[in-house]
Each structure stands twice: as structure tokens, then as C-alpha cells.
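What follows is the residue order along each chain.
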Amino acid sequence: MRWQKNQDFLVVRIYRDLVGDWVVSECWGSPNDSGDCRHTLVDSYAEALERLRDIGREQRQRGFRRQQVREEQLGFDFS
């Protein structure tokens, strides 16, 4: 999901890494800085969704708006 306020942005992704851990990845920045990222391991997909809801609530309180952005999921098979 992507939130934006003026030129500032936050992109949040939920995914499983190669060892099967659930990760909530948050990357933010603006055109005038290089930005930063934070990756948080969570115990389950449900916990990741709850974290995503909390982030969305925080961003709306800060005046950010959710943007409709489509991402393509690549179906890699590592088995």
C-alpha cells in the first residue's frame, strides 16, 4: 500500500521471506531526501494485517492519503 501527502510518501508491503518469516516492510521519503526503510518480523499474516491497519490509521491522522497503486506479483518457485 502507498500513502502520500504532498511529495512525502510511505510504501508498506507484507511478504514472506525465503525462510518463511512474515515481514512488514515500510519505506518512506520525499523527492528531497534519500528516504529510509524499516523491516519488522511478525509472527503471522494476521499480525501483519493488524500492523498494516495501525499504520493506515497513523497515516490518516498525519494527513496522508492512500494511493491506488498496482504492483505485479512475480510467481517464483524456489522449491
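Residues numbered from 1 in each chain as written. Predicted model: local features only at pLDDT ≥ 70, side-chain atom pairs only at ≥ 80, totals over all residues. Heavy atoms only, no water.

Engineer: Is there a simple way to think about the packing of aromatic side chains in this case?
Structural biologist: Any two aromatic rings considered together are summarised by their centre-to-centre distance and by the angle between their planes. According to the stated counting rule, one finds one aromatic pair in the structure shown. An angle of 50° between the planes, with centres 5.0 Å apart, marks the rings of W22 and Y45 as tilted. Residue W22 is found in strand 3 (residues 22-29), and its partner Y45 is found in helix 1 (residues 45-61); the two are separated by 23 residues along the sequence. You can call W22 buried: its relative accessible area is 18%. Classification of Y45 by relative accessible area gives partly exposed; the value is 42%. (Phe/Tyr/Trp six-rings, centres within 6.5 Å; stacked < 30°, edge-to-face > 60°. Helix = DSSP H or I, 4+ residues; strand = E, 2+ residues; numbered from the N terminus. Buried < 20%, exposed > 50% of the residue type's maximum accessible area, 1.4 Å probe, protein only.)

Engineer: I would appreciate a short explanation of the side chain of S25 in the present structure.
Structural biologist: With respect to the element layout, S25 can be found in strand 3. The contact partners of S25, leaving out residues within four places of it in the chain, are V11, V12, R13, Y15, R38 and H39. (Contact = heavy atoms within 4.5 Å.)

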